[in-house]
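# Residue-level structure breakdown
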Amino acid sequence: MTGLAVLFALLGAASNAMGTAFQRKAASRVAEGGGLRLILQLARQPPWLIGIAGVTGAALFQALALANGPLSLVQPLFILELPFALMIAIPLLHRRLPRAGWWAVAGVVAGLGLVLLSAAPSGARSDASMERWIPVLILCLGTVAVAVAVARPGRPPLFRAAVLGSASAISNALTAALLKSAVGTLDDDGFVAFLGVWQTYGFVVTGVVAVLLLENALQAGPLVASQPALTIGDATLSLLLGVTLFDETIRTGWWLLPELIGAGVVLWGVLRLTRVVPHLADMAH
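Residues numbered from 1 in each chain as written. Predicted model: local features only at pLDDT ≥ 70, side-chain atom pairs only at ≥ 80, totals over all residues. Heavy atoms only, no water.

Under the definition given, this model contains 3 salt bridges. As a salt-bridge pair, Arg132 and Asp247 come within 2.9 Å of each other at their nearest N and O atoms. Taken as a pair, Arg132 in helix 7 (residues 130-150) and Asp247 in the loop between helix 11 (223-246) and helix 12 (256-283) lie far apart in primary sequence, 115 residues in all. Overall, Arg132 belongs to the partly exposed group, its relative accessible area being 28%. What makes Asp247 partly exposed here is its relative accessible area of 35%. Here the salt bridges do not stand alone but share partners, grouping Arg125, Asp127, Arg132 and Asp247 into one network. (Salt bridge = Lys/Arg side-chain N within 4 Å of Asp/Glu carboxyl O. Helix = DSSP H or I, 4+ residues; strand = E, 2+ residues; numbered from the N terminus. Buried < 20%, exposed > 50% of the residue type's maximum accessible area, 1.4 Å probe, protein only.)

Let us now look at the environment of Pro47. Among the secondary structure elements, Pro47 is positioned in helix 3 (residues 46-68). Classification of Pro47 by relative accessible area gives buried; the value is 9%. Put simply, Pro47 and Phe22 are 25 residues apart on the chain and 5.2 Å apart in space, counted from C-alpha to C-alpha.

Attention now moves to the packing of helix 3 against helix 8 (residues 157-189). Working note: a packed helix pair is described by the angle between its axes plus the distance between those axes. Between helix 3 and helix 8, the least distance of the axes is 9 Å, while the angle of their chain directions is 65°. The way helix 3 lies across helix 8 gives a crossing that is right-handed. Residue-level inspection shows Ala59, Gln62, Ala63, Leu66 and Ala67 of helix 3 in contact with helix 8, the latter providing Ala176, Leu179, Lys180 and Val183. The class makeup of the residues in the contact of helix 3 with helix 8 is 7 nonpolar, 1 polar and 1 charged. (Axes fitted to C-alpha atoms, helices over the stretch in contact; angles between N-to-C directions. Left-handed = near helix turned anticlockwise from the far one by under 90°. Contact = heavy atoms within 4.5 Å. Nonpolar A, V, L, I, M, F, W, Y, C, P; charged D, E, K, R; others polar.)

Residue-level pLDDT values for the chain average 84, and 84% of them are 70 or greater. When mean pLDDT is taken per element in the chain, helix 7 scores highest with 94 and helix 2 (residues 35-42) scores lowest with 64. Every residue in residues 281-285 scores below 50 in pLDDT, and together they form 4 contacts with partners more than four places removed in sequence or on other chains. (pLDDT = per-residue confidence, 0-100.)

A surface patch of nonpolar side chains, about 600 Å² in accessible area, is lined by Trp103, Leu114, Leu257, Ile261, Val265 and Trp268. If you tally residues by element for the nonpolar patch, the top one is helix 12, at 4 residues. For Ile261, the location among the structural elements is in helix 12. The exposure class assigned to Ile261 is partly exposed, which follows from its relative accessible area of 45%. (Patch = residues over 30% accessible without salt bridge, like charges linked within 9 Å, V, L, I, M, F, W, Y side chains within 5 Å. Areas by Shrake-Rupley, 256 points an atom, 1.4 Å probe, with all protein chains shown as cover.)

With that settled, consider helix 3. With 23 residues, helix 3 ought to run about 33 Å at 1.5 Å a step, and its terminal C-alpha atoms sit 34 Å apart, in line with that. For helix 3, the complete set of buried residues consists of Pro47, Trp48, Gly51, Gly54, Val55, Gly57, Ala58, Gln62, Ala63, Ala65, Leu66 and Asn68. (Expected span 1.5 Å × (residues − 1).)

On to the side chain of Ser126. Secondary-structure assignment places Ser126 in the loop between helix 6 (99-119) and helix 7. Owing to a relative accessible area of 16%, Ser126 belongs among the buried residues under this scheme. Apart from residues lying up to four places away in sequence, Ser126 is in contact with Lys180, Ser181, Gly184, Asp188 and Phe246.

Among the nonpolar cores identified, the biggest contains 55 residues, and Trp133, Leu241 and Leu245 are the most heavily contacted of them. When residues in this core are grouped by element, the largest group, 12 residues, is from helix 8. With sequence-adjacent residues up to four places away left out, Leu245 is seen in contact with Asp127, Ala128, Arg132, Trp133, Val136 and Ala177. (Core = buried A, V, L, I, M, F, W, Y, C linked by side-chain atoms within 4.5 Å.)

Put into structure tokens, the structure is as follows:
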């Protein structure tokens, strides 16, 4: 089961990488704006529609992964979306990845492997009581609302991109938790029960919010500001939600040292890659 979870999570990360790449291309073509107006402008862009197809495929793979493994294992694997996006962009742009880029890719993969091997996430539950869901929903949705309020147009681009990227990461993690709960109901009790639980409609709403925030983050400022928050924030919060909601376990004690080292290597690699990707795009013009 864990092997299937890893496989589906990797396929989801690759599909999401394709979707994000095309969404980013579409976002760069529209004038500055935000909210639903931005989505309406993007909907007229063919690359954005391709991007949405990639994101939809990623959601299906994510659901399969969450049905076979713990949230604290599946979501961190989506950090590999950025290296996958780079691997997709290189042949499309007919460019070569510089040595620094390859080192960054290796850093992300090795760091993530170190984190997951050290943490050894485990857990088989997909249900949580409302006593657990209520504080999680209040904290997550409240933080997203505050982020949207403080990242209004007119603020510095770096600040807006980072804050909106963080809000999108929170929404993604919450969506994954709701999706895991809903898929668990589908697996245990069937489709009718799946349609009858609030988590099914919750993950649809938060998923749409996550996409909207992602579009605004990509359009608000440079990738170097939004991508670290998107990747690291999603993985970190997902791990916490897995432990809090579904009683998933990770190793602590002295294992925290290699986990922190691995997380630091991942962050270094992500920051390096966010500088490589725009450089490759510029070379293509």
